[in-house]
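Working through the structure, step by step
Listed here are the chains, written in short residue letters.
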Amino acid sequence: QVQLVESGGGLVQAGGSLRLSCTASGNIFSISAMGWYRQAPGKQRELVAQITNSEHTNYADSVKGRFTISRDNAKNTVYLQMNSLKPEDTAVYYCNAARFLPGNIPWDYWGQGTQVTVSS
């Protein structure tokens with residue numbers, strides 16, 4: 001019922017910047033929070049940043065001060081501005097949307113993933 005389309009990944013040198021975009025469609029009014037996760041080779045998927053409908057934000061310690069999550073409600077789009085990129089930021093980044101089904105059941109929607117590669 002919610003579809004997420006991501007863009008903005010690519011190859012960048014260490015110290016550079018990228019901005020990821022995620023546009024939601026469908027039953028967008030059911031979404032309570034959106035965020036970005038990433039999964040590097042050989043590692044589990046981890047939360048990078050999250051923003052709620054009240055614009056409260058949460059970041060992984062490894063990206064605090066470097067990454068910024070924001071949203072444009074008119075465009076139904078969430079952004080992840082990534083500055084001062086490091087090789088350890090290399091991963092597939094996934095957009096996530098969270099909602100609660102009837103009965104207060106949590107449910108997640110996922111984008112297709114976009115590759116971010118940071119060279120040294």
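Note that this is a predicted model, so its numbers are computed, not measured. (Residues numbered from 1 in each chain as written. Predicted model: local features only at pLDDT ≥ 70, side-chain atom pairs only at ≥ 80, totals over all residues. Heavy atoms only, no water.)

**Thoughts on the environment of K64**
Stated formally: Helical segments are the DSSP runs of H or I of at least four residues, strand segments are the runs of E of at least two, and each set is numbered from the N terminus. As used in this structure description, the phrase polar contact means that two N or O atoms lie within 3.5 Å; if the pair is within protein, one of them must be able to donate a hydrogen and the other to accept it, and residues adjacent in sequence are counted only when both atoms belong to side chains.
With respect to the secondary-structure elements, K64 resides in the loop between β6 (57-59) and β7 (67-72). The sequence separation of K64 and V48 amounts to 16 residues, and the corresponding C-alpha distance is 9.3 Å. Here D61 takes part through its side chain, which lies 3.1 Å from a polar atom of the side chain of K64.

**Observations concerning the pairing of strand β5 (residues 46-52)**
Within a regular strand, side chains alternate between the sheet's two faces. Test applied: Being paired, for any two strands, means DSSP has found at least two bridges between them.
Looking at chain direction, strand β4 (residues 31-39) and β5 are connected through six bridges and run antiparallel. Its bridge partner lying in β5, Y37 is registered against L47. Counted along the chain from β4 to the antiparallel partner β5, the turn is six residues long, and its residue G42 has a positive phi close to 80 degrees. As paired elements, β5 and β6 share three bridges and run antiparallel to each other.

**Structural notes on unusual backbone geometry**
Convention followed: Exposed residues in this analysis have more than 50% of their type's maximum accessible area, buried residues have under 20%, and partly exposed residues fall in between, with area computed by a 1.4 Å probe over protein chains only.
Although it is not a glycine, S84 sits at a positive phi angle of roughly 50 degrees. Structurally, S84 is set in the loop between β8 (77-82) and β9 (91-101). Given a relative accessible area of 40%, S84 falls into the partly exposed group. One non-glycine residue with positive phi stands out, namely N104, at about 65 degrees. Residue position: N104 is located in the loop between β9 and β10 (105-110).

**Examining the state of the cysteines**
Defined as follows: Note that a disulfide, as used here, is simply two cysteine sulfur atoms within 2.5 Å.
Counted by the stated rule, this structure contains one disulfide. Across the disulfide, C22 is cross-linked to C95 (sulfur-sulfur distance 2.0 Å). Negative torsions about the S-S bond denote left-handed disulfides, and the value of about -85 degrees found for C22 with C95 makes this one left-handed. Of this pair, C22 sits in strand β3 (residues 18-26) while C95 is found in strand β9, placing the two residues 73 residues apart along the sequence. Taking relative accessible area as the criterion, C95 reaches 0% and is therefore assigned buried.

**Focus: the pattern of salt bridges**
Threshold: One speaks of a salt bridge when a side-chain nitrogen belonging to Lys or Arg is within 4 Å of a carboxyl oxygen belonging to Asp or Glu.
Going through the model one piece at a time under the given rule, you end up with five salt bridges. A salt bridge links R38 to E46, with the shortest nitrogen-to-oxygen separation between them at 2.9 Å. Overall, R38 belongs to the buried group, its relative accessible area being 6%. A salt bridge links R38 to D89, with the shortest nitrogen-to-oxygen separation between them at 3.0 Å. Pair noted here: R38 is in strand β4 and D89 is in the loop between β8 and β9, with a separation of 51 residues, a long-range link. Take R38 and D89: they sit in the same class, and that class is buried. Shared partners join several salt bridges into a network, and the residues in it are R38, E46, R66 and D89.

**Observations regarding the packing of aromatic side chains**
What counts, and what does not: Side-chain rings of Phe, Tyr and Trp (the six-membered ring for Trp) are treated as a pair once their centres are within 6.5 Å; stacked means planes under 30 degrees apart, edge-to-face means over 60, and tilted covers the remaining angles. We call a charge positioned over a ring when the NZ of a Lys or the CZ of an Arg lies within 6 Å of the ring centre and within 35 degrees of the ring normal.
If you walk through the whole model with that rule in mind, you get one aromatic pair. Ring centres 5.1 Å apart and planes at 70 degrees place the aromatic pair Y37 and W110 in the edge-to-face group. With Y37 in strand β4 and W110 in strand β10, this residue pair connects regions lying 73 residues apart in the sequence. For the cation-ring pair, R45 lies above Y94, with the distance from its terminal atom to the ring centre recorded as 3.9 Å.

Interpretation in functional terms is not warranted from these geometric data alone.
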